[in-house]
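Breakdown of the fold
Listed below, chain by chain, are the residues.
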Amino acid sequence: MNATPLLDVTEIRKAFPKPDGSEFVVLKDVNLAVGEGEIVGLLGRSGSGKSTLLRLIAGLSAPSGGAVRFRGEPVSGPTQGVAMVFQSFAIFPWLTVFENVALGLEAQRVPRDEIRRRALAAIDLIGLDGFESAYPRELSGGMRQRVGFARALVVHPCLLLMDEPFSALDVLTAETLRTDFLDLWCEGRMPINAVVLVTHNIEEAVLMCDRVLVFGSNPGRILTEIPVKLPQPRNRLDPSFRALVDSIYVEMTSRRSAAEAVPRSELFPGVGIGTVLPRVSSNLLSGLIEKVAEAPFNGTADLPKIASDLQMEIDDLFPVAETLQMMRFAEVAGGDIKLTEQGLAFANAPLDERKRLFSRQLLSYVPLASHIRRVLDERPSHTARKSRFFDELEDYMNDEAAEQTLRAIVSWARYAEAFAYDDENAVFSLENPT
Amino acid sequence: MSPPNPFGFVRERATRWDVIALILVIGLVAFLGEASRGLMAPLTTIESVPLSLDPSHLPFYAARTTLRMFLALGLSLLFTFTYATWAAKSARAGRLLVPILDILQSVPILGFISITVVFFMSLAPGRVLGAELAAIFAIFTSQAWNMAFSFYQSVRTVPAELQEAALAFHLSPWMRFWQLEVPFALPGLIWNTMMSMSGGWFFVVASEAISVGTTHVALPGMGSYIALAIVRGDLAAIAWAILTMLIVILLYDQLLFRPLVAWIDGLRFEQEAGAYVPHSWALTVMRRSRLISAATATFDAAVRWTSWAMPIGAPPRARDVTAKGLGDWLWFGIILAVLAGALWHILRVLIAQTSFGEAATVVELACLTMLRVVVLIALASVVWVPIGVWVGLRPRVMEIVQPIAQFLAAFPANLLFPLAVYVIVTWNLSADVWLSPLMILGTQWYILFNVIAGASTIPGELRYAAQNFQVGGWLWWRTVALPAVFPYYVTGAITASGGSWNASIVAELASWGHTQLKAHGLGSYIAEATAAGNYHRIVLGIATMSLFVVVINRFFWRPLYYYAERRFRLG
């Protein structure tokens, strides 16, 4: 590593104003340095601010505090020498493959002969030969993302930023693209000096990166830094690879609850009325309980193991496990999920009994649910407008999160038959309580 | 696919920006009305361009009229690219510009023509040129608003990642406009251009031959030809005119819009294969003749050349917070000043000169016209919704009927008015009742083809499920067909209702030879005021009609549209 790092991020803070005038903090106290020849992974769940950080580095948005320096110069807008690959590819559907790749060079007013030479070279390098005159709609997802890579490489960036570049692809295609990218990187055939990769896939981070920064949520921040010393090419089945993946799993489960600022008892993170609830359907909740209760797990399961059994990503599995933990159907710690007594009872109960159990846990341990139920019970009409609770939630979260939280509560309460909701008039009621 | 949203992004019923916009627009009308009255004096001589009813002149007249249409279309595009871009890019300007656009959509253009004719004729030293400008401006006002709305909506909905990609790869604002925003907006813009062309024929016919008080203008073209045929009561000439219009509409549809639609289908943003791929024989021919590639290559070269010629300027700076600066205060100051001016004109021209009795009469007449519009829309719905559903569920029939419905919407219905007058006079019918259907003659097709489009999107599995459970009869209409087409129906009905208000100005006062028939309503009030050159009444009529249309849109159609969108969205 050189004395001056290629990229230097110091004390970054990013916040958005909320309607009531206070701030919603997305990133806090983020420090990061990237040197020559490094691939650095930003690993975290959605909402942990890692994509926001990437956009700050790219100069697409400005921080509320702190500074981003690229080659020693402060970044105040899109910078020469930094190129980006997007999750949804973001290639222009009305331009051919060649025109898409050439666009960045045209913007820099490179002479036409040179544009042609360099664009064809990038297309060749990235394996798009023969597709030059194709329109994006004629290409598969994998080929479209190759266009995204070629477009980024053609401008000869010093630093390549990748925002979950493989997450919109199917498993097999994603693996092919990763391998191709790593081959080119290791052979030094790409005109780039360093890479910052945003991902929520632990295996992807371990497979590709030299260093992994694990992000936590609320507010988004770096929890820990994990160096990956395994030599390239790495093998997913290698025991040391597996061990590293498992340890990051443990890090992400235990660190999360430990870092939670709200008061908590034992293994259950305390939740207040202002907790943002994930939209997890009751089918997923009962599905996971059943899976963990079944052999070979018999009530206790390793999260990475169950994730790969169910072919789920951590982004999809964690909210389910955490909701079970919140309702005290399960405990989550050290990368393991363990069913509680109630969880086991739920697994063995018939449907009516399940609903009764679910209703009890929901009203006991989810404060928002018990709050709504209490308001409905107290009122003579047994009805309450949604806006009443929405306004309360807005003190704690932004509109989008409040909407999502209320939707989650509605769907759980409907399953539990705890209270009813009429979407057309946006009214909660006790119309068909248990 | 959902029905096109006719309201832009405005969800609220009314904001204070709407009120400001309404005052500004009515103030502008009042100002123009007043200015025109002062300009009348030197223009009292009769404008006489010799016209002939000989059918051999028709190709020349048709060409002149079409030329006016395309000039106006060019103006509309220019307006769209500037006004809509400004509204979309500047949050400050957008807050005012978007409501203004919405109000302008509701101003009855036909009533406006009389004012603009005099205004433009006074501007241009040669009187024919002034009249030409006025006609082109009238067509422009019938075309521009919905095109600008469509472009504004598109620019606002360019996917965030595409914008970021454009920024990250250092595209200049000029390049972003031509390489990102315009291509993204093009499908919606072309569709709206087609709608505008259809609407434009109605107004070109009405704007070429116009009499305001003692000023008479007759520009060589289809509109003047028809006007002359009406005055002379020449039925054969009307037939020739109808035939010519049919041919003209067929020609530009086949040679211009079909190829454009087929070409644009290849540029759609949705990258999935569409269910229906538009074809155009003309596009195939042009492609083979390399006409298209030559044209696009020229366009590409122009874009590249201008991109190079534009200064690079400083790279866009990312900003964190938007602070209220000097610019905001200046902007609000300008708005306040213009608002005060508009209010002053409204006070002077409208309120000060209007007696209470006259105001009451105008409102009463407006209610009569409203009654006509409501009854006609209801009647047209009862007729066309079942037919539209029936057609939409049968792809083969739809392929034949859909282009015919769109064609009928493009056909200027006012060509058929003389025939109606002829029938009413011959059978001695009541003008108050039987002139009314003319208002919806040209606009009912919007209901039909929107319902057809809606019915064709009902998923096959939903229909099979209904069949499987033997859902039939009224139950099927209530649970399957009507909910599925409802959002589309509302979109069509909004267009039809707005168009009918506008058409009332020509429909409620129709003539044939020396016979003139009048139905009592706001439309005939404006038409009579125009013929008499009474500017105060014209402005009063226009303002009242605009107010009625805006209020009906805000408090009936808009809530209905969002209700339909929320409640009956498929999937």
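Every value quoted in this text rests on a predicted model; they were computed, and no experiment measured them. (Residues numbered from 1 in each chain as written. Chains lettered and ligands numbered in written order. Predicted model: local features only at pLDDT ≥ 70, side-chain atom pairs only at ≥ 80, totals over all residues.)

Some words on the overall build of chain B
Spelled out, the test is: Helix numbering and strand numbering both begin at the N terminus, where a helix is a DSSP run of H or I of at least 4 residues and a strand a DSSP run of E of at least 2. Put plainly, a residue is buried at 20 or more neighbouring C-beta atoms within 10 Å of its own, exposed at 12 or fewer, and partly exposed in between, counting only other residues' C-beta atoms, which are placed from the backbone. Contacts are defined on C-beta atoms placed from the backbone: any two residues whose C-beta positions lie within 7 Å are in contact.
Scanning chain B from N- to C-terminus turns up 22 helices and four strands. Residue burial in chain B is summarised as follows: out of 571 residues, 43% are buried. Restricting to contacts in chain B with at least 6 residues of sequence separation, those with at least 24 account for 81%.

What to know about the confidence of the model for chain B
Residues and elements named next belong to chain B. The test is simple: The quantity known as pLDDT measures the predictor's confidence residue by residue, on a range of 0 to 100.
Per-residue pLDDT for chain B averages 80, and the proportion of residues at 70 or more is 84%. Considering each helix and strand of chain B separately, the mean pLDDT is smallest for helix α10 (residues 281-288), with a value of 65, and largest for helix α13 (residues 356-392), with 92. With pLDDT under 50 throughout, residues 41-46 is counted as low confidence; its partners more than four residues away or in other chains account for seven contacts. In this model residues 271-275 is a low-confidence stretch, pLDDT under 50, and it forms four contacts with partners more than four residues away in sequence or in other chains.

Structural notes on unusual backbone geometry
The phi angle of most residues is negative, glycine excepted, and most peptide bonds adopt the trans form. Across the junction of Q232 of chain A and P233 of chain A, the peptide omega takes the value -5 degrees, indicating a cis bond. Tracing the backbone shows P233 of chain A in the loop between β10 (221-227) and α7 (239-259). In this model, R328 of chain A sits at a positive phi of 60 degrees, which is unusual for a non-glycine residue. Position of R328 of chain A among the secondary structure elements: in the loop between α10 (314-326) and β12 (330-333). Phi is positive for N428 of chain B, which is not a glycine, with a value near 60 degrees. Among the secondary structure elements, N428 of chain B is positioned in the loop between α15 (417-427) and α16 (431-434). What makes N428 of chain B exposed here is the crowd of 6 C-beta atoms within 10 Å.

Quick word on the environment of I372 of chain A
Residues and elements named next belong to chain A. Counting through the fold element by element, I372 comes out in helix α13 (residues 367-378). Sequence-wise, I372 and T340 are 32 residues apart; in three dimensions their C-alpha atoms are separated by 26 Å. Those residues within four positions of I372 in sequence are excluded, and the remaining contacts are F389, I409, F419 and F428.

Quick look at the pairing of strand β6 (residues 82-85) of chain A
Residues and elements named next belong to chain A. The cut-off we apply is this: Criterion used throughout: strands pair if DSSP finds at least two bridges between them.
Going residue by residue along β6, you find V82 and M84 tucked away on one face and A83 and V85 tucked away on the opposite face as well. Here four bridges tie β6 to strand β7 (residues 159-163), and the two strands are oriented parallel to one another. Across the sheet, the residue bridging to V85 is M162, located in β7.

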